[in-house]
Amino acid sequence: MQYIISDCTVIDVENGCAALPHTDVCVRGKIIEKIVPHGAPARGYKVINAGGQYAVPGLVNLHAHLFGTGRPSKALGGGKAQQRLLRFIQTPPGKKILGKMVESSAKNELYSGVTTVRAVGDLFGSDIALKHRIESGKGGAAGLRMLVSGMALTAPGGHGAGTFARTAEKPEDFEKLVEKSVSEGADFIKICITGGVTDAKKRGEPGEVKMTEEQVRAVCARAHALGKKVAAHVQSERGAEIAARCGVDTVEHGAPLGEESVRLLRERGGAQVVTCSPALPCARLPHDVTKLNETASYNSEVVMRGMIAGAKQARAAGITVGMGTDASCPFCTQYNMWREVLWFQKFMGIPAADALRTATLGNAEILGIGGETGSLRAGKSADILLLNEDPLSDLAALRNISCMFAQGRFIPHPQPKRNAAVDAALDKLTEEL
C-alpha cells in the first residue's frame, strides 16, 4: 500500500526540530519514500488529509518491562503474593496468560505512539517469543520494533532475582548465562548491578551493590565478544562507578556520577537512560496508594534526585542521555511514554525540542538504529505520528494521536487501553511540577 500524508507540518528532529509546514510525506511499504512540498501529484497513493497536523517520528522507549500494566499491586513488592503469582505463570495456563499480557502491553505501547521498544527484562522469555510473533506479522502489536533482553542477569539476592532475572556467582557462570541469553534470541544483555526501590531493606540505601566488578566485567567481555551491548540497572553512585569501569554500555536509571565514571562513560561512548515515570509517583504518592512500603516510598525520592543529578552531569559532560518509562512498575503504564517525555523536559530544564529529539532520534542512536528510525527522512522506516497540536508548544500533544504508521503499518485511530484512576493521579502530579 502507498500513502501520502497531505499538507502536514513535519517536525524535523535532525535539524533542531524545525517545523516544515505544507509538506507531503509519501509512504511506500515500510519506508518513507519521499518528503516534498505540498501539492505533489498523488496518483496511486491513498491520501490522508492532514490539514496542517503535526507529523513527528514514532517514540522510542528505551526501558520497559512488558509483564505488567502499571496498576499498583502487592505482588510487585515480593512476599507470598509474588510467589503465588510466579508459580502460576509457570503452569501451562499461566504461560498462556503471560503471553497475552505481554502482547497486550506491546499493543498499548504501540497505540500510544511508541514504534520502538527495548524490553529490559521480562519473565521466562515472554519478550523474545512476542518479538518473533510480531516479526511474523501476527497480533495487534504488529509493526512495533522490539529489542529484547530476555531474562536479566544478577547475583543471588540481586534486583529481580527469582522473578525476571537469572542468577550466578562465578564470573565463568555469568559468561555461560550471557551465551544462554544470546542463544535464546536476546538482542542485548541486561544486568542488575545494584538493588532497587522495591527490594531495598534500608531507608536511604536503595542502590546497594549486588554484583562484583569481576562479575560485571565477565558479562561485558562475553557480551561484547558476541556483538551484544550491556544495559545495567544502577541506583547508586558506587553502582554507576562499577558500570562505567567494567564496560557497561547504558546505565539504566542512574545516580550521581564521580569524575572517573564521567570520564570512562564519555570515552567509551556510553549513555545514561533516565526513567522519571516510576520515580515521581512512587516518591510523591502515598505509599498505601502505590502499594509500596514506607521505606520504598522514601527511597524512591532518593533515587529520583540522584538519577536527575546524574543525568544533568552526563549531559554537561557530553555523555548521551536517553529516556524510558520502566513500564510495569507501580503507576508506570504501557501507554505513558508521552508523559515521560514531558517529565524529562521539566526535570532536566530543557526546551521541548530537546526532549522530543531525545525521545526519538536520540534514543534510536543509543540503540544503534538511528540510520533506520528516529526521524522523518526519505529512506527511513515509516514510523510516523500525526498530532492535532504542536508538541513544541506543549509536549502533552503527544498524548492524543490522530493516526500513525509503524514500519509502514497504518493505524487510523490508535486508542490504548487506559486506567482512569492511575491517569488522574499522574495528571495531578504533572500539574504540580
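Here's a quick rundown of the structure.

Rules behind the numbers
- Throughout this description, residue numbers start from 1 for each chain and increase along the sequence as written.
- Two thresholds apply to this predicted model, a pLDDT of at least 70 for residue-level local features and 80 or more for giving and counting side-chain atom pairs, whereas whole-chain, interface and lining totals are computed over all residues.
- Note that the side-chain values use all heavy atoms of the structure and ignore hydrogens as well as water.
- Runs of H or I in DSSP of at least four residues are treated as helices and runs of E of at least two as strands, each being numbered from the N terminus.
- C-alpha atoms define the radius of gyration, and 2.2 Å times the number of residues to the power 0.38 defines the globule rule.
- Residue contacts are counted whenever heavy atoms from the two residues lie within 4.5 Å of one another.
- A 1.4 Å probe and the Shrake-Rupley method give the accessible areas. Residues count as covered only by the protein chains that appear here.
- Take the buried residues of types Ala, Val, Leu, Ile, Met, Phe, Trp, Tyr and Cys, join any two whose side-chain atoms come within 4.5 Å, and each joined set is a nonpolar core.
- Each residue's exposure class comes from its accessible area (1.4 Å probe, protein chains only) as a fraction of the maximum for that residue type: buried when under 20%, exposed when over 50%, partly exposed otherwise.
- Helix axes are fitted only over the stretch in contact, all axes being lines through C-alpha atoms; the angle between N-to-C directions runs from 0 to 180 degrees.
- For any pair of crossing helices, the crossing counts as left-handed if the nearer helix is rotated counterclockwise from the farther one by less than a right angle, and right-handed if it is rotated clockwise.
- Polarity classes work like this: nonpolar for Ala, Val, Leu, Ile, Met, Phe, Trp, Tyr, Cys and Pro, charged for Asp, Glu, Lys and Arg, and polar for all others, with Gly in that last group.
- For two strands to pair, DSSP has to find at least two bridges joining them.
- By definition, no residue in a patch forms a salt bridge, and every one has over 30% relative accessible area; like charges are joined within 9 Å, nonpolar side chains (Val, Leu, Ile, Met, Phe, Trp, Tyr) within 5 Å.
- Note on definitions: salt bridges are taken to be side-chain nitrogens of Lys or Arg within 4 Å of carboxyl oxygens of Asp or Glu.

Points about the overall build of the protein chain
The helix and strand tally for the protein chain stands at 13 helices and 18 strands. The C-alpha atoms of the protein chain give 21 Å as radius of gyration, which agrees with the globular expectation for 433 residues (22 Å, within 12%). Reported as C-alpha extents along the three principal axes, the dimensions of the protein chain are approximately 65 × 50 × 45 Å. Within the protein chain, contacts between residues at least 6 apart in sequence are counted, and of these 69% link residues at least 24 apart. As displayed, the protein chain offers around 16,900 Å² of accessible surface, 51% of which is attributable to carbon and sulfur atoms.

Concerning the nonpolar core
Among the nonpolar cores identified, the biggest contains 101 residues, and I191, I193, V216, V248 and L398 are the most heavily contacted of them. Ranked by the residues each element gives to this core, the list is headed by helix α11 (residues 337-348), at eight residues. Beyond its immediate chain neighbours, meaning those up to four positions away, I191 contacts L153, M211, V216, V219, V230, A231, A232, H233 and V248. Core analysis: the second largest hydrophobic core is formed by 16 residues, V25, I32, I384 and C403 among them.

A closer look at the packing of helix α2 (residues 92-111) against helix α3 (residues 126-135)
Their axes nearest at 10 Å, the elements α2 and α3 cross at an angle of 65 degrees. Viewed along their axes, α2 and α3 form a crossing whose handedness is right-handed. Within the contact between the two elements, α2 uses L98, V102, E103 and A106 and α3 uses S126, L130 and R133. A breakdown of the residues in the contact of α2 with α3 according to their chemical character gives four nonpolar, one polar and two charged.

Here we look at the environment of I128
For I128, the location among the structural elements is in helix α3. Given a relative accessible area of 7%, I128 falls into the buried group. Sequence-wise, I128 and G185 are 57 residues apart; in three dimensions their C-alpha atoms are separated by 6.5 Å. Setting aside its immediate chain neighbours within four residues, I128 contacts V148, G150, E184, G185 and A186.

Quick notes on the pairing of strand β5 (residues 54-57)
Across two bridges, strand β1 (residues 2-12) lies against β5 in parallel orientation. The residue of β5 that forms the bridge with V10 is A55. Here β5 pairs with strand β16 (residues 384-387) via four bridges, running antiparallel. In the strand pairing of β16, P57 is matched with I384.

Regarding a nonpolar patch on the surface
Together, L85, F88 and I97 make up a nonpolar patch on the protein surface, roughly 270 Å² of accessible area in all. On the basis of relative accessibility, which here comes to 35%, the residue F88 falls in the partly exposed class.

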